Every structure is written in C-alpha cells, then in structure tokens.
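Structural features, examined
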Amino acid sequence: MVLLGPPGAGKGTQARMLREVANVPQVASGDLLRAAVRTKTPLGVAAAGYMDRGDLVPDELVLNLIEERLNAPDAQAGFILDGFPRSVKQAEALRAILVRSRGAGLDRVIALTVPDEEIVRRISGRRTCRKCGAMYHVTFEPPRVNGVCDKCGGELYQREDDSEETVRNRLKIYDSTTRPLLDYYGKSGILALIDGTGKPEQVESRVQTALAGILPLPPRKKVQKPSVRPAGK
Ligand code: AP5
C-alpha cells in the first residue's frame, strides 16, 4: 500500500503504527534518502542540495533506491510506501517495478488530508531522534525530557528542511506535482481519502477501516459458552 499526503500530514506516524499491525516494513523514501545523506554515499551527496531546498530529488536517484528496497526479502509479503510515489511519472515507474517483480499491483492508496495551518504547526514542532529515528512533537507528543529520546536517550533534532521557507516550497511542490496522483489513483479505484486531523490514534482507526480486507484481522475473542445449570437451580 501507499500513504500519500502533503509534508507533515502524518504519513510517517501512521506508517510506523500500521507496520506493527500489518507486519510488513515501512519503506519511506525520505528516510532512505536521509540515511544516504548521513553516510555520504554518492547518491546522498547528489541528493542533499535538493532536499535542503525542499525540491524533489531527481527520479534517476530515487527509483533505484526504492526498487532495491522493495526487492529486499522482508518486503516480499507486502510493504507500506511512505512518501513514494510523488509524481505520476514515479507512480508509473512503481507500477512497472511491481509488475516486473511480483506480477501484481498495489492493494490500496491512502491519502491523508490535513489543512495547511495544521501542517505548519505539526512540522514546526517535529523533533526526531538522531540515533533511532523516533519522532516527537513538542506539543502533541513531547518527550519526557526536553531534547532527549524516551526510547534510546539519543539527541532530538529539528530536520534541516523544516524551516518555514522550505516547508512552503515543499507544499508548493506537493500541489503541483504530487496532488495529481489523487486523480491517477482515484481512476483505478484503490484510493481512500482519509481525514488526517485529530489524534494519531483516531487517524489510525480511520486508516484501518479503509484497509479492511487487507490488514490481518485482530485475534478473535474466545466466546464463553454459557454454563449449563441443572434445572431448578
Ligand atoms: P519526506 O521525508 O518524505 O518528507 P514529507 O513528505 O515532506 O513528509 P514529512 O516527513 O515531513 O511528514 P509526514 O507526512 O511523514 O508527517 P509525520 O508523521 O512526520 O521527504 C523529505 C524530502 O526528501 C523531500 O522534500 C524530497 O527532497 C526528498 N524526497 C522524498 N521522497 C521523494 C521522492 N519520492 N521523490 C523525490 N524526492 C523525494 O508528522 C509530522 C509531525 O506531526 C510529527 O512531529 C508528528 O509527531 C506530528 N503528528 C503526526 N500525526 C499527528 C496528529 N494526528 N496530530 C498531531 N500531531 C501529529
């Protein structure tokens, strides 16, 4: 499945929650690119400038990265794509990759909708752990100790591309290049538009409803047989 939505819509938050339920990996193009930048691979060096400006990284850099990740053993039973595809051209490339490697297409595309003012609020408060990648929000989901990850004690930082100017550019690019995917997937009948406002758990429940029939069912509760009482007692 694919999670679509503007920057800060909660794609990463929802993908992390869903991967526990679906037992398939989250494949986040932004995380893969940031890892390449951090480790200074040739791809990371080439991608860094685009990411700092909030521009899309050229397809020839992103497509190989995604294809390689989707071909990894842990993604064979399924995957949650987060942040990819971001254009109709990428969606067509994804379709070709999936048909080539597994003879099947996507099950579902979930598009999260969140108003722009809420996006700016979410992005400006986002903090990420340098060590384990856990995510927080200074107001909505603060860590126990300011600046320190609850999970591993790592340092929390603000992403370089979360400045107001860069976020505005990312929103502009979403409107011009990524939004047309709503039409593209709408026509194929696999798109679900989900209200991304409210608490993360509320959004998760809407997403899970839209994934009925795709996600494994929760374990069935044991039905207690009524105890048979001897007559007259
Ligand atoms: P990427 O990392 O994909 O960034 P993005 O799409 O802009 O999305 P974000 O990660 O900012 O937000 P999100 O929707 O995941 O929200 P999150 O869950 O974090 O891409 C970065 C860059 O990489 C791009 O600009 C581009 O340069 C490049 N790139 C990536 N993919 C590419 C591709 N396919 N092609 C070309 N270039 C590519 O939530 C945000 C905050 O809100 C968090 O603090 C969270 O705690 C909080 N929050 C989440 N849900 C809620 C809620 N319900 N209520 C309150 N707070 C919430």
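Right, let's walk through the structure included here. (Residues numbered from 1 in each chain as written. Predicted model: local features only at pLDDT ≥ 70, side-chain atom pairs only at ≥ 80, totals over all residues. Heavy atoms only, no water.)

Time to look at the pattern of salt bridges. On inspection of all chains with the given rule, the structure shows 17 salt bridges. Here Arg53 and Asp55 are joined by a salt bridge, their closest N and O atoms 3.1 Å apart. Of the residues examined, Asp55 reaches a relative accessible area of 28% and is grouped as partly exposed. Between Arg130 and Glu155 there is a salt bridge, with the nearest N and O atoms lying 3.1 Å from each other. A residue pair is termed long-range when its members are at least 10 positions apart, and Arg130 in the loop between β5 (126-129) and β6 (135-137) and Glu155 in the loop between β6 and β7 (156-157) qualify at 25 residues. Classification of Glu155 by relative accessible area gives partly exposed; the value is 46%. Through salt bridges that share partners, Arg126, Arg159, Asp161, Asp162 and Arg170 make up one connected network. (Salt bridge = Lys/Arg side-chain N within 4 Å of Asp/Glu carboxyl O. Buried < 20%, exposed > 50% of the residue type's maximum accessible area, 1.4 Å probe, protein only. Helix = DSSP H or I, 4+ residues; strand = E, 2+ residues; numbered from the N terminus.)

All right, on to the side chain of Gln90 then. Take Gln90: it is sitting in helix α5 (residues 88-102). Looking at Gln90, its side chain comes within polar contact range of the side chain of Asp59, at 3.0 Å. Excluding anything up to four places from it in sequence, Gln90 contacts Asp59, Val62, Phe84 and Pro85. (Polar contact = N/O pair within 3.5 Å; in protein donor to acceptor, adjacent residues only side chain to side chain. Contact = heavy atoms within 4.5 Å.)

Another point: the packing of helix α2 (residues 29-38) against helix α4 (residues 59-70). Interhelical geometry of α2 versus α4 gives an angle of 110° and a closest axis separation of 11 Å. If you check the angle between α2 and α4, you find them roughly perpendicular. Contacts from Ser29, Leu32 and Leu33 in α2 reach Val62, Leu65, Ile66 and Arg69 in α4. Taken together, the residues of the contact of α2 with α4 break down into 5 nonpolar, 1 polar and 1 charged. (Axes fitted to C-alpha atoms, helices over the stretch in contact; angles between N-to-C directions. Parallel < 35°, antiparallel > 145°, perpendicular 65-115°, else oblique. Nonpolar A, V, L, I, M, F, W, Y, C, P; charged D, E, K, R; others polar.)

Time to look at the site of the ligand. Neighbouring residues of the ligand: 35 residues in total, closest Thr13, Asp55, Arg86, Arg126 and Arg170. One of the side-chain N or O atoms of Lys11 is found 2.9 Å from an oxygen atom in the ligand. Starting from 1100 Å² of accessible surface for the ligand in isolation, the protein chains cover 96%. Of all elements in the fold, only α1 (11-22), α2, β6 and α9 (200-210) reach the threshold of two or more residues within the shell around the ligand. It is α2 that contributes the most residues to the shell around the ligand, 4 residues altogether. (Near = heavy atom within 4 Å. Areas by Shrake-Rupley, 256 points an atom, 1.4 Å probe, with all protein chains shown as cover.)

In this section: the sheet that holds β7. With antiparallel pairing, the 3 strands of this open sheet are ordered in space as β6-β5-β7. The open sheet is flanked by β6 and β7, the only strands paired with a single partner. As defined by bridge partners, β5 adjoins β6 across 3 bridges and the pair is classed as antiparallel. Bridging across to β6, Arg126 finds its partner in His137. Helix-sheet contacts for helix α6 (residues 116-125) involve β5 and β6, and the interaxial angle to β5 is about 35°. (Pairing = 2+ DSSP bridges.)

Moving on, we get to the pairing of strand β4 (residues 109-113). Burial analysis of β4 places 4 of its 5 residues in the buried class, the great majority of the element. Pairing of strand β1 (residues 2-4) with β4 involves 3 bridges; the strand directions are parallel. By the bridge assignment, Leu3 is partnered in β4 with Ile110. Two elements, β4 and strand β8 (residues 191-195), share 5 bridges in a ladder whose sense is parallel. Across the sheet, Ile110 pairs through a bridge with Ala192, a residue of β8.

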